[in-house]
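Descriptive analysis of the structure
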Amino acid sequence: MLEKQISVVKKAATAYKGELLVIPVMQDNSGGYMPGLAAELLAGLAGYGEFSGKSEQCLLLYPPFGTGLAASLRCRRLLFVGLGGAGDGDRDLLHERLRLAGGAVAAQCKAARVEELALCAGCDALSGPQTSLLLEGLLLGDYRFLKYKTPDPDEPSYDGIKTIEILAARGVAALKRETARVARAAAAVHVARDMANEPGNGWTASHFARYAEDLARRLDISCSILEKEDMAALGMGGILAVNQGSLQPPKMVILHYYPDQATETILLVGKGLTFDSGGISLKPAQGMMDMKYDMCGGAAVLAAMEVIAAERPQVGVVAIIPSTDNMVSGGALKPGDVITHYGGVTAEIESTDAEGRLLLADALAYGIEKYAPTCAIDMATLTGSMIFALGHHYCGFMSNDQRLSEKLASLGRACGEPLWRMPLDEAYKKQLKSEVADMKNTGGKAAGCVTAAEYLHRFVGTTPWAHLDIAGTAWNFTEKSYVPKGPSGFGVRVLIELVRNWQAGQ
Ligand code: BES
Ligand code: MN
Ligand code: ZN
């Protein structure tokens, strides 16, 4: 969890006496600077040609800072960070540059072990909401997972930024609200990354269940856990089949936030596969350890639910995380086995490594029947094929609904989690045809990410639904300054934004 103190104060940059004063600098169209304190400070440095204000560029200065207004600065260090141009009118691009600049500041803080800083809002060209985006990048970039590392006595320790002051000239109340929203979402991303960083022996289905129960208690929403016996009674043959080879009990974790006035419900489903060995269709040893990340969809849904429960929106939200690991044993699921999903659809197992769809199918079918949601969204590290298709920069999704697709694509772009729609089609579904059951669980090499989506499609009926395959974006995301190496927490913010922006009847 983030334990940071963030305050918004009406204070001049010259009155700040702390460790680091950050001044964002926007490059105007002619390559110069926007007017303000930065311009005055930078005038003397212009001759060096080292700092142009381009995106993510940083310049760290130590006192004395100069003459005039600069002479009255009281901070211990000063950091200029470039924002690039105005984004050529592309709002989303400008917002992304602000987050990137924030991530660059986090990297500088790490290098200088800065624990306390001030962001200068309004002293240059930044508006309040723009400052909060800079803060978002800073908070997202300031992440590390040190739980299993013994501190080195010879290395000075650094545990991240502790105190952030936002120096505003006006609009303090609005900025406080805005920064609180950003901080909640960033904390949720950290939660999702922490869960993902935990190894397979540190984060099991039971850990998901315990976390959800605790969250529900803290934030006063309801939580129910379907145990193995419950799943058997309900006929959830998909998740049970995947769990068959494991010594860890499976859990179907369900969180339910339902406000009195709500007429609509969003169903979120996240794949919580805590380790995917592939099962009897065993994965190659090389890179297998990355399969501890196969629970990133579940982590994103659970972390987003934390913000949703805290913010208490008008729309109801149900989160379901089907969770188990996928292991090998004498009792494990075998190729050729036939399973029966919740609701009665049967499937022939061609590969025990195509296990994610088996859990998701039960969870989607059950969630849709029980909660009759207005729409359903599932998020899963589902196929290697998605990595081949879109790599690590965009997350592909498939949907049976045009409006939901447009909403997701535009929110994703706005929050720096870009989503790209891919097709669903009866023609792909044919690849799943089985001789002995309703379907088989693999559709061959061609368009593996689409056939996986078609498998799920069978379980959603006419409910507007989108399937986000985060296999490429959940870790090794990009070289983004605000997404450190390791799990990205991708999907947390777009889910939060979807709920925040939800309007009934639309
Ligand atoms: N969890 C994997 C998908 C995956 C692979 C995510 C690599 C991230 C990186 C999933 O369970 C899986 O193994 N899918 C198979 C499906 C195939 C057998 C049809 C795959 O993509 O190879
Ligand atoms: Mn698998
Ligand atoms: Zn998997």
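Residues numbered from 1 in each chain as written. Chains lettered and ligands numbered in written order. Predicted model: local features only at pLDDT ≥ 70, side-chain atom pairs only at ≥ 80, totals over all residues. Heavy atoms only, no water.

Time to look at the layout of surface pockets. Reported here for the largest pocket is a volume of approximately 1200 Å³. Forming the boundary of the largest pocket are 34 residues, of which R144, F145, L146, Y158 and D159 lie nearest the centre. Looking at the lining of the largest pocket, the elements with two or more residues in it are α2 (91-112) and α4 (172-197). Residues belonging to the lining of the largest pocket are distributed by class as follows: 13 nonpolar, 7 polar and 14 charged. Of the residues that make up the lining of the largest pocket, three or more belong to each of domain 1 (5-170) and domain 2 (200-500). Of the voids in this model, the second largest pocket is the one considered here, and its volume is about 790 Å³. In terms of lining residues, the second largest pocket is bounded by 32 residues, among which K283, D353, T383, G384 and S385 are the most central. For the lining of the second largest pocket, the secondary-structure elements that each account for two or more residues are α9 (356-371), α10 (384-390) and α13 (448-457). In terms of residues, the lining of the second largest pocket owes the most to one element, α10, which gives 4 residues. In terms of residue class, the lining of the second largest pocket is built from 9 nonpolar, 14 polar and 9 charged. (1 Å grid on protein atoms, 1.4 Å probe; cavity = no way out; pocket = protein on both sides within 12 Å on 5 of 7 lines; lining within 4 Å. Points joined across faces, edges and corners; volume = space filled by probe spheres on them. Helix = DSSP H or I, 4+ residues; strand = E, 2+ residues; numbered from the N terminus. Nonpolar A, V, L, I, M, F, W, Y, C, P; charged D, E, K, R; others polar. Domains from an automatic or database assignment.)

In this section: the coordination of the manganese ion (ligand 2). A four-donor tetrahedral metal ideally has 109.5 degree angles, and a six-donor octahedral metal ideally has angles of 90 or 180 degrees. Every protein donor of the manganese ion (ligand 2) is accounted for by D276 (OD), D353 (O), D353 (OD) and E355 (OE), and the metal-donor separations fall at 2.1 to 2.2 Å. Summarised as a motif, the one-chain spacing of the donors to the manganese ion (ligand 2) is D-x76-D-x1-E. (Donors = N, O, S within 2.8 Å, 3.2 Å for Na, K, Ca; no water.)

For the rest of this paragraph, the subject is the sheet that holds strand β4 (residues 78-82). Sheet architecture is open: 6 strands sit in the order β1-β6-β5-β2-β4-β3, paired in mixed fashion. What marks the edges here is a single partner per strand, and that holds for β1 (5-10) and β3 (58-61). Between one strand axis and the next, the sheet turns by 20 degrees as a mean value, whatever way the strands run. As defined by bridge partners, strand β2 (residues 20-25) adjoins strand β5 (residues 116-120) across 3 bridges and the pair is classed as parallel. Bridging from a neighbouring strand, L20 pairs with L117 of β5. Against the sheet, helix α3 (residues 128-141) touches β1, β2, β5 and β6 (163-168), its axis set at about 165 degrees to β6. (Pairing = 2+ DSSP bridges. Axes fitted to C-alpha atoms, helices over the stretch in contact; angles between N-to-C directions. Contact = heavy atoms within 4.5 Å.)

The subject of this paragraph is the site of ligand 1. The local shell around ligand 1 holds 17 residues, among which K283, D294, D353, E355 and G384 are the closest. For ligand 1, an oxygen atom lies 3.3 Å from a polar atom in the side chain of K271. With respect to ligand 1, the side chain of K283 contributes an N or O atom lying 2.8 Å from an oxygen atom. About the coverage of ligand 1: the protein hides 78% of its 510 Å² of free accessible area. Most atoms of ligand 1, that is more than half of them, are within 2 Å of grid points of the second largest pocket. (Near = heavy atom within 4 Å. Polar contact = N/O pair within 3.5 Å; in protein donor to acceptor, adjacent residues only side chain to side chain. Areas by Shrake-Rupley, 256 points an atom, 1.4 Å probe, with all protein chains shown as cover. Sits in = over half its atoms within 2 Å of the grid points.)

A few words on the domain arrangement of the protein chain. The domain boundaries assigned to the protein chain delineate domain 1 (5-170) and domain 2 (200-500). Distance between the C-alpha centres of domain 1 and domain 2: 38 Å. Across the contact, 14 residues belong to domain 1 and 10 residues belong to domain 2. When domain 1 packs against domain 2, the two sides together hide about 1000 Å² of surface, and 49% of this comes from carbon and sulfur. Contact with domain 2 buries surface across domain 1, with D92, R99 and L140 losing the most and accounting together for 42% of the total. Run the count over domain 1 and domain 2 and you get 4 salt bridges. Here D92 and R413 are joined by a salt bridge, their closest N and O atoms 3.3 Å apart. (Buried area = accessible area lost by both parts, 1.4 Å probe. Salt bridge = Lys/Arg side-chain N within 4 Å of Asp/Glu carboxyl O.)

Turning our eyes to something else, we now look at the environment of F459. Its location among the elements puts F459 in the loop between α13 and β18 (465-469). Look past the residues within four positions of F459 in its chain and what remains in contact with it is H341, V345, A361, L364, A365, I368 and M439.

What follows is about empty space enclosed by the protein. All told, the structure shown has 3 cavities of 30 Å³ or more when counted by the stated rule. What lines the largest cavity is L140, V189, R193, G416, E417, F477, Y482, V483, S488, G489, F490 and R493. When its residues are assigned to classes, the lining of the largest cavity shows 6 nonpolar, 3 polar and 3 charged. Of the pockets and cavities examined, the second largest cavity occupies roughly 40 Å³. Grouping the amino acids of the lining of the second largest cavity by side-chain chemistry returns 6 nonpolar, 4 polar and no charged.

Another point: the sheet that holds strand β17 (residues 439-440). Spatial strand order, β12-β13-β17: 3 strands in an open sheet with mixed pairing. Each of the sheet's edge strands pairs with one partner strand only, and the pair in question is β12 (338-340) and β17. Across 2 bridges, the pairing between strand β13 (residues 346-348) and β17 is parallel. Each bridged residue has a counterpart across the sheet, and for A347 the counterpart in β17 is M439.

Turning to the side chain of E96, a few remarks are in order. Its place among the elements puts E96 in helix α2. At a separation of 2.9 Å, a polar atom in the side chain of E96 contacts the side chain of Y482. E96 has contacts with G416, K480 and Y482, leaving out every residue within four places of it along the chain.

Interhelical geometry of helix α5 (residues 205-219) versus helix α8 (residues 296-311) gives an angle of 5 degrees and a closest axis separation of 10 Å. Here α5 lies roughly parallel to α8, going by the angle between them. Contact with α5, carried on its side by F208, Y211, A212, L215, R218 and L219, involves G298, A299, L302, E306, A309 and A310 of α8 and no other residues of that element. Of the residues contributing to the contact of α5 with α8, the split by class is 9 nonpolar, 1 polar and 2 charged. (Parallel < 35°, antiparallel > 145°, perpendicular 65-115°, else oblique.)

Before going further, it helps to examine the coordination of the zinc ion (ligand 3). Those donors, K271 (NZ), D276 (OD), D294 (OD) and E355 (OE), are the protein atoms that reach the zinc ion (ligand 3), and they lie 2.0 to 2.4 Å from it. Considering all 6 donor atoms around the zinc ion (ligand 3), angles at the metal cover 78 to 174 degrees and the coordination shape is octahedral. Read N to C, the donor residues that coordinate the zinc ion (ligand 3) are spaced as K-x4-D-x17-D-x60-E. Here the zinc ion (ligand 3) and the manganese ion (ligand 2) are spaced 3.2 Å apart, linked through D276, which binds each one. (Tetrahedral: all angles 85-135°; square planar, octahedral: opposite > 155°, others 65-115°.)

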